[in-house]
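Each chain is listed here by its residues.
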Amino acid sequence: MNPVSIAISFIVTIFGVAFPILFQVATRLDEKYSSILILQLFNKEKERSFFLIALITSLVSIFIYIIEIPPLIQAPSFSYIINNSAIIILVLSTTTLVFSFFFFVKKILIYNTPTRFLQYLIHKHEKEPNNNKYFEAIGDLIHNSIKEQNITVTKTIANFLSYSFQNERENNNEKPVEYPYAFYRIIYNSIEEFANLKSKKLNNIERQFTGMYGFFGDFKNPEISNITYTCIWKSLLLILKYNNDDMMLNYWEYAHTYITNQLREISPKFTDFSNKIENQEEINRRNKQREKFFELHYALGGLLLYKEKYNCIKRILNFTTSIPPSYDLLPKSMDEIFQRYMEFQDPYEKKYTWISSIYPFPETEGLKADYEIKKWITSYLTLLFLRHYTNNQSSQPKYIPKTQNEKRVWLENIETLKHKTKQIINNKNLLKATNIIIESQQNLKINEFIDSYIKRLEREFEKIAIEQPISKYKEKQFEETSKEIISKTINSLHPILNSFPISKDFTNWFVNGQKVVVDKSAFVEDQEADHANFDSFLAQHVALKIQKSISETFFHSKSKTYLIEEKNVFPAIKKLNLSQDFIILNFGQNIEWFKQTFLVDGLEKSSYNNIKIINFEHSSFNLVGQSFFILRKSDLPQIYHREINKDEINKFELKEIDKKIELYGSIINLQKNEEIQKELKTTYPDKELSKSALLSLVLKLEIRWKNEINCVMIKTHSKYTDKGVPDKLEDIKKIE
C-alpha cells in the first residue's frame, strides 16, 4: 500500500469514525457537569481548535491530490518536490492530523476524568489568578461532585477553597474582606446541593460548607464585610427553606468558634505609670465587629421564632463547646439583653430604620416588613430575657442610658417588654421546646422585676432633669439670637419714625418685654429631646409684640376713618390731594393685586404718584388689617428706649444684651431660685417648676405721638366682614 492510500485511510477513518465519537463525548460534558461554563472552556481549548484545523487541511489536501493540478512553476533543482507536491502536502497534513488527534483525545480524557480535570483547573487558575473563569468552573465541578458524592474531588476542592479564602484575606491588608462574586456563589450553591442530598457520605465536608467556614476569617484578619454578611444571611434563608436543622447547627457551631476565638474581646493594655489604655482604638474596633456579629444572630433568632422552628432554637440555645458551658453567641447579662432589646424596639433608631433591606424575612414585604422583623427580633430577645431570668433571678440590670434623650426613649418603650413577656409565656409549645420553666407565681415576679428597673430609670431621669444646670453655651446662643432678632425689628421701624424728637404735647404708649416659664431641658447640655427654635421663640414673640403695638398706635392716633370699596381705594387717596410731605403706610394690603386688578396709574410697590409707601408685614389685624394710613412725615411717631428698674434687674438676674436699645435677658434655673419659684406657683399650678426655667427678655420701649395730628385711615370694605355702607368718593375730603 503506497503512502497516499495510507494517508487517505487515516483521514477517512478519523473523519468518519473517530471524529463523531470524540465530539459526542465532548458534547456529553454538558450533561456530565451541567455547566455551560465548562462547555465553553472546552470549546475554547487550543487542542480542539488545532484538531479541527488539521482535519479541514487534510480534507483539502485530498481534494488537491484528486484534481491533479499541474505545477504552476518549473524549477529543475526542485522538480521532484514540485512534481510530487500534492502527495507531500497530503502526507504532512495527515501526520499533523494524527498528532492533533492524540492531543485532542488527551484533553477529552482530562475533561471527562473529574480528578484530573480538577487538577487541570487549579493549575490554570494559579497561572491566571485574575481570571475568574477557572475558579467558577471549579465551583461548577464541586456541585457535580456533591451530586455524585465523589469524596476525593469534593474534599480536594474544599481544601483548595480554604486556601483561596485565606489568600483573599491576606491580600486585603486588615480591611473587611470582600470576596469575588464567584466565592459567594460557590458557598451558596454548594449549600443547596448538600440540602438536596439524603446520604451522609459527605457529612464532614457538608459541615464545612454549611458552616460557611470560608467567611469566618482567621486570627490575622477576622473582620467580615457587609457584602459577606449579606451572603451569610441569604445562605441562612436557604438552609431555612430546606428545613434542615442540622445544617443550621453546623453554621451555629462555626459562628460560635469564630466569636470565641477569632473575634474574642481584646484586653486593655495600660501605659506605664498611668491609667491610659494604649490599645483603645483596637478595642473599639473589635467591639464594633462583635456588635455587628451579634446583631446578625439576634436577627437569626428572630427568624427562627418567626418560622416557629422551636426545636432548632432549643438546640442553638443549648449549644456549647466547653465545660462548664459557655454560650458565647448569647447575651451574658441582663444589661446586654436590655440594651439590644431597646435598640431594636426604638422606632427612632437610625441603624435599623430599613432593617428589611439588611435582614429580610420570607413572606414579609411592603411598609410593614420593618415592623414585623423588629417585632420578631425583640420577641427572641424577650425569650433570652426569660431564659436568663429563670437561671439568674437576682441579676437586676445595672445599665442606665447615659443621655436624657436615651432615658426618655427607654421609658417610652420599655413597657413593651412586659407585653412581649406575656406573649412568650403564653406560648406553651415554645417554652416546652426550649425547656424554659415559668411557674405561675414567677409571672408576677417578672413584671415586678421589670417595674423595679423602670422605677430606677425614672428616678435617674428625674434626678438629672432637676439637678442639671443651664448650659452656658445655650445661654449665650439665646442672648445673641435675641439681640439679632429684636435689634433687626427695631431697625426696621426707622422708615416710619419721625426725623425729629418729640418732647412736648404728646401722647405715649409703652411696650415691655416678656417672661415665660419653659421646660429647662431646652437649655441644658443633656436634652431629653431636640427643641426647635429654643433660642429664638421668645425673641420672635417680643418682636411681633413690638410690631403689633406700633400698628395699634396708628389706629389710636387717627383723626379720620373712611370705609372704601377696593376699586375706589387709590382714587380716594388721590382725592386727598397729597404733597411730597405725606407718607402712606400699608398694613396688609397687596399692592401688586391693586395694580393688576384695577390698573391704577402711578402705583408701584413702594410709591403712589411719587408719594412714598411703607409696607408693614406684621400688624394688629383686628385694628389696622387691610388698611392704609396717610399722614405727614412730620407727624410720624418716635420711639425711646427707657432704662430698666435696677430692682427688676437684680431680682430676675438680668444681663445686658444690647446697650443701645436697653435690652436685657436671663435664663433662671428655678430649681435653684426658690423665691421666684414660690411666686410662680399660683400662675403655673400644674407645672413642675423644679424642672423648669424662667426665660426673660426685658426692654421698655416708649412710643410717642404728637397731639392733634391729621392721620387718615382708609379701610377697604368687605361685604363679608364689614357692616354698614361704604363711603363714596365724594365723601373724601382733602387733608388740611
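Calculation notes
- Residues numbered from 1 in each chain as written.
- Predicted model: local features only at pLDDT ≥ 70, side-chain atom pairs only at ≥ 80, totals over all residues.
- Heavy atoms only, no water.
- Helix = DSSP H or I, 4+ residues; strand = E, 2+ residues; numbered from the N terminus.
- Buried < 20%, exposed > 50% of the residue type's maximum accessible area, 1.4 Å probe, protein only.
- Contact = heavy atoms within 4.5 Å.
- Areas by Shrake-Rupley, 256 points an atom, 1.4 Å probe, with all protein chains shown as cover.
- Pairing = 2+ DSSP bridges.
- 1 Å grid on protein atoms, 1.4 Å probe; cavity = no way out; pocket = protein on both sides within 12 Å on 5 of 7 lines; lining within 4 Å.
- Points joined across faces, edges and corners; volume = space filled by probe spheres on them.
- Nonpolar A, V, L, I, M, F, W, Y, C, P; charged D, E, K, R; others polar.
- Axes fitted to C-alpha atoms, helices over the stretch in contact; angles between N-to-C directions.
- Parallel < 35°, antiparallel > 145°, perpendicular 65-115°, else oblique.
- Left-handed = near helix turned anticlockwise from the far one by under 90°.
- Core = buried A, V, L, I, M, F, W, Y, C linked by side-chain atoms within 4.5 Å.
- Phe/Tyr/Trp six-rings, centres within 6.5 Å; stacked < 30°, edge-to-face > 60°.
- Lys NZ or Arg CZ within 6 Å of the ring centre and 35° of its normal.

A.B. asks: I keep staring at the overall build of the protein chain and nothing clicks. Help me out?
C.D. replies: Secondary structure assignment for the protein chain yields 28 helices and twelve strands. Out of the 736 residues in the protein chain, the part that is buried amounts to 48%. For the protein chain, contacts bridging at least 24 residues in sequence account for 80% of all contacts bridging at least 6. Total accessible area on the protein chain stands at roughly 39,600 Å², and carbon and sulfur atoms take up 51% of it.

A.B. asks: Which parts of the structure should I look at to understand unusual backbone geometry?
C.D. replies: Note: most peptide bonds trans; most residues except glycine with negative phi. Across the junction of Ile323 and Pro324, the peptide omega takes the value -5°, indicating a cis bond. Even without a glycine there, the phi angle at Gln626 is positive, about 60°. Considering the arrangement of structural elements, one finds Gln626 in the loop between helix H26 (621-624) and strand E7 (627-632).

A.B. asks: I keep staring at the pairing of strand E11 (residues 692-706) and nothing clicks. Help me out?
C.D. replies: Remark: a regular strand shows side chains that alternate across the two faces of the sheet. Of all 15 residues in E11, 13 are buried; the element is thus mostly enclosed. As judged from the 13 bridges shared by strand E1 (residues 506-519) and E11, these two strands associate in the antiparallel manner. Along E11, the bridge assignment pairs Phe506 with Lys706. One ladder, built from five bridges, connects strand E8 (residues 638-642) with E11; its direction is antiparallel. Across the sheet, His641 pairs through a bridge with Leu701, a residue of E11. Alignment of strand E10 (residues 663-669) against E11, held across six bridges, turns out to be antiparallel. Paired with Gly665 across the strands is Leu697, a residue of E11.

A.B. asks: I tried to follow empty space enclosed by the protein on my own but got confused; where do I start?
C.D. replies: A water-sized probe, rolled over the atoms, reveals where empty space remains. Taken as a whole and judged by the stated rule, the model has one cavity of 30 Å³ or more. Elements represented by at least two residues in the lining of the largest cavity include exactly helix H12 (226-241) and helix H13 (245-262). Classifying every residue of the lining of the largest cavity gives five nonpolar, two polar and two charged.

A.B. asks: So what exactly am I meant to see when it comes to the packing of helix H9 (residues 151-170) against helix H11 (residues 203-210) here?
C.D. replies: At a minimum axis distance of 10 Å, the contact between H9 and H11 shows a crossing angle of 30°. When the axes of H9 and H11 are compared, the pair comes out roughly parallel. Judged by the twist between their axes, the crossing of H9 over H11 is left-handed. Contacts between H9 and H11 involve Ile151, Thr154, Lys155, Ala158 and Leu161 from the former and Ile205, Gln208 and Phe209 from the latter. Residues belonging to the contact of H9 with H11 are distributed by class as follows: five nonpolar, two polar and one charged.

A.B. asks: Any chance you could explain the nonpolar core here in plain terms?
C.D. replies: The nonpolar side chains of a soluble globular protein tend to be buried with one another. In this structure, Leu161, Phe209, Phe293 and Phe385 are the most contacted members of the largest nonpolar core, which totals 123 residues. Counting residues per element, this core draws most heavily on helix H14 (residues 280-306), which supplies ten residues. By size, the runner-up hydrophobic cluster in this structure holds 44 residues, among which are Leu538, Ile546, Val624 and Ile703.

A.B. asks: I would appreciate a short explanation of the side chain of Gln468 in the present structure.
C.D. replies: Secondary-structure assignment places Gln468 in the loop between helix H21 (440-467) and helix H22 (472-492). Classification of Gln468 by relative accessible area gives buried; the value is 11%. In this structure, Gln468 is in contact with Gln404, Lys520, Val524, Glu525, Asp526 and Asn669, ignoring residues within four places of it in sequence.

A.B. asks: Quick question: what am I supposed to make of the packing of aromatic side chains here?
C.D. replies: We describe a pair of aromatic rings using the distance from one ring centre to the other and the angle between the two ring planes. Tallied over the entire structure, the rule returns 46 aromatic pairs. Considering the side-chain rings of Tyr179 and Tyr184, the 5.9 Å spacing of their centres and the 75° angle between planes classify their relative orientation as edge-to-face. Residue Tyr179 shares its accessibility class with Tyr184, and that shared class is buried. Seen in terms of ring centroids, Phe570 and Tyr608 are 5.0 Å apart; in terms of plane orientation they differ by 65°. Their pairing is edge-to-face. Separated by 38 residues along the polypeptide, Phe570 in helix H24 (residues 569-575) and Tyr608 in strand E5 (residues 607-608) bring together distant segments of the chain. You'll find Phe570 and Tyr608 in the same group, each marked buried. Taking the ring centre of Phe534 as reference, the NZ or CZ of Lys474 above it sits at 5.6 Å. Over the aromatic face of Tyr640 sits the side chain of Arg704, whose NZ or CZ is 4.5 Å from the ring centroid.

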